[in-house]
Structure formats: C-alpha cells, structure tokens
Protein chains: 2
Amino acid sequence: MASGSEIERLIQLLAKLPGLGPRSARRAALVLLKKRDLLLEPLAAAMAEAAAATRSCEVCGNLDTVSPCNICRDPRRDPHLLCVVEDVADLWALERAGVFRGRYHVLGGALSALDGVTPDRLNIASLLGRAKADGVEEVVLAMNATVEGQTTAHYLMDLLGDLKVTRLAHGVPVGGELDYLDEGTLSAAFKARRSL
Amino acid sequence: MASGSEIERLIQLLAKLPGLGPRSARRAALVLLKKRDLLLEPLAAAMAEAAAATRSCEVCGNLDTVSPCNICRDPRRDPHLLCVVEDVADLWALERAGVFRGRYHVLGGALSALDGVTPDRLNIASLLGRAKADGVEEVVLAMNATVEGQTTAHYLMDLLGDLKVTRLAHGVPVGGELDYLDEGTLSAAFKARRSL
C-alpha cells in the first residue's frame, strides 16, 4: 500500500460505519484528509461533542442531550399513548413523519432466537412497568415488518393483554408501484382494503 | 426532531462524506453514539492521528506520512517510468493492482471548462519539470476514461511531445459481460483485438 498505517487505521474504522464498505471508506478517508479544515476537524469535534452531550433517556431509551429526553418531558405529549419501537432510529423516523403525539418506548432490538436476543435482553420489564403505572390507554406496537419484529409484537401483545394494543397498518407504500411489491404486501393491502 | 443539536451537527457533517447520504449519515451517527468505546472514540483518535501524520508528497502529490513519500523514496522503483494520475485515489488503486513499478505524479484533478479547472490549477508545471529532469523514458497517462480525463491526457500529450507517452488500454473489464457494456467500450475492445 502507498499509505501509512495511520491512514489504513482510519480507513478500517470508517468501514465499520453502516453504508460505507471498504472502497467507499477509502474514498471517505481521502476526502477527510484533503478537507482537513472544512471537514475532518469539524467532524472530529462534532463527534466528541455529541458523545459528551448525549445520553440514553432513563424513561424511554431515546438518545438525547437530556434524560429524561425532550419527548418524555414535553407536557404537550399525550401520556396515555405509548408507541413501542425496536430502535432509536425507528423513533426518529416516526418523529420525522410527525404522526404520533404520545410517548415512546425503545426496546433496543427485536426478539431473535438466531441472534440470541431473548426477552430479558430487551427493555421489556420497564415497558410493562410504564404501561401499567402511567395510565396508558393505548400501546402502538411499531415493530419492523420482519419476522423478528412481528415475533416481538406478538410476544408483547400477550404481556399487554388487558390494554388496547394496536399495530401499524400493512399496505402499499405511498408512491409504491404494485409491480414491484412482494406478494405478502399485496395480499395484506388487498385484505385491508377500504371503501372510498 | 427528537435529537439535540449536537447530534444534528454530527449527522450533517457525516452526510458530507462520499457514499453517505442524509439517511445513512443518520444511521452512522446512531451507530457511533451507541458504540462509543468501540467505534466513536477510536475513530476520532484515528482521524486526529491521520491528520497529524499525513502530508502531501512534495515530489509527486501522493498522501503519505513522509514527504517525499515512500514510493518516491523507494530505490527499487524505476525512476525512468512515470505514471500520471488525476487523484491520490487513482494512485492507490494502481498500487493495489500492483502492476506498476515506476513512480507517480498526481495532477490533483482533470481539466474541465465546466468546473473552471484550467491547466494552471493542476500540477502540470512540476510534471513537465520532472519529465525533463529525471531521465524519464516513458510517461503513462492513467487518466480516467471520461471526457475530462481524456481531454487532460491529450493536453499533456502535446506538452510531453518528445517523450514516449502511453495510455491505459480500453476494453472489456475482466469479469465483465458484453451485454452490459456501452457501445464505446465494445467498439474500443473490438478495434484493439489481439490474436490468440
């Protein structure tokens, strides 16, 4: 290799980021080293600041600069609605959509026998505590539409039996073309058809 | 947004890396903040170390921890062969292929009227100096096979007129399928066909 060991190490670590393979990590390292003042130094500073400033919310598991997080603190959020997600990224995605005005609970993953994720490794005990204590009226299970996500949703539904438990609708994505959709999605969309 | 301004700033800077869009930058930021000890801190340290350790080679323009770089210093490298590339990434790609045992010259880009890249913005003066002074016998123009790259190659060929100047062969990429290749490549490969 033409490059020193410091550059190699930077490339190796960049390649661990999701979305960057070995080749794009090399390109990213080159861009970083070329734009030191404009990109490398601000990014290093932003990483240190974000690491110092963020913590997991002790209530819901969201990542924020305060704990409890700004969503858990927000008095305009309906405390009777609880949306359970697998991951912080899912919470952020729902917030971007702006459709939910209740509070969240981040499980930290989904049940997976293959990956050894058992119920005790997810934030389920605290979910049950919140669901029973806080006067929650509806729990929305917003798991991914994967085998693991749906397994987790069924498992939680059994535990939350006496509450109103809902899940996200399955169907044709907005902007989606039928021709490109799998049979499972089409079948779900057809069964859940609504009158106009 | 659910996230603090420190997280937003980290996402914005990550999104400037090649290969990361806004969505994957968000995923990368989450992974960094979740794996602080394993990824964020080592990456921040590696960035600082690489920035402190690397410099542009004063001879060829390569990025390395020493200047002149390890390729320019290597006595086993043939000083009579000079390979001209647009960018450090191209130099690294040729080094990975391990086909060239001479020295390099990095132009720092390609001529482009659209982007305002004129000859004086590329390392052309130092290339001419090296080509005349160092007893160079052959200059390989390893520009990209783009309009800008080929324009640059023609421009350099005129300047280097009295030396032996070569360019990389065009043809079918190894492992490539004819069906997926453009007409220009097929035409070049056909014209340059070789007897078996």
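Residues numbered from 1 in each chain as written. Chains lettered and ligands numbered in written order. Predicted model: local features only at pLDDT ≥ 70, side-chain atom pairs only at ≥ 80, totals over all residues. Heavy atoms only, no water.

(A) Inspection of the relation of the copies chain B and chain A at higher detail. For the pair chain B and chain A, the superposition axis carries a translation of 0.0 Å, the fit reaches an RMSD of 0.0 Å, and the rotation angle comes to 180 degrees. Taken together, the rotation angle and the small translation identify this as a two-fold axis. When C-alpha positions in chain B are compared against the rotation axis, the closest is assigned to A44 of chain B, at 2.7 Å. Here 100% of the interface residues in chain B have copies in chain A that are interface residues too; the copies meet face to matching face. (Least-squares fit on C-alpha atoms with pLDDT ≥ 70 in both. Contact = heavy atoms within 4.5 Å.)

(B) How the structure looks around the domain arrangement of chain A. Each assigned domain of chain A is listed with its residue range as follows: domain 1 (5-53) and domain 2 (63-195). Computed from C-alpha coordinates alone, the two centres of domain 1 of chain A and domain 2 of chain A are separated by 33 Å. (Domains from an automatic or database assignment.)

(C) Inspection of the pairing of strand β4 (residues 103-106) of chain B at higher detail. Residues and elements named next belong to chain B. Side chains R103 and H105 project from β4 onto one buried face, and the interleaved Y104 and V106 project onto a second face that is buried too. Examined bridge by bridge, strand β3 (residues 81-85) and β4 share 4 bridges and lie parallel to one another. Bridged to V85 within β4 is V106. For the crossover that starts at β3, traverses helix α5 (residues 88-97) and ends in the parallel β4, the hand is right-handed. (Buried < 20%, exposed > 50% of the residue type's maximum accessible area, 1.4 Å probe, protein only. Helix = DSSP H or I, 4+ residues; strand = E, 2+ residues; numbered from the N terminus. Pairing = 2+ DSSP bridges. Right-handed = clockwise from strand over helix to strand, strands pointing away.)

(D) Layout of the pattern of salt bridges. Residues and elements named next belong to chain A. Tallying each qualifying case throughout the model produces 8 salt bridges over all chains. Residue E95 is joined to R77 by a salt bridge in which the shortest nitrogen-to-oxygen separation is 2.5 Å. With a gap of 18 residues between them, E95 in helix α5 (residues 88-97) and R77 in the loop between α4 (70-73) and β3 (81-85) connect regions that are remote in the sequence. Classification of E95 by relative accessible area gives buried; the value is 17%. When its relative accessible area of 3% is taken as the criterion, R77 is described as buried. (Salt bridge = Lys/Arg side-chain N within 4 Å of Asp/Glu carboxyl O.)

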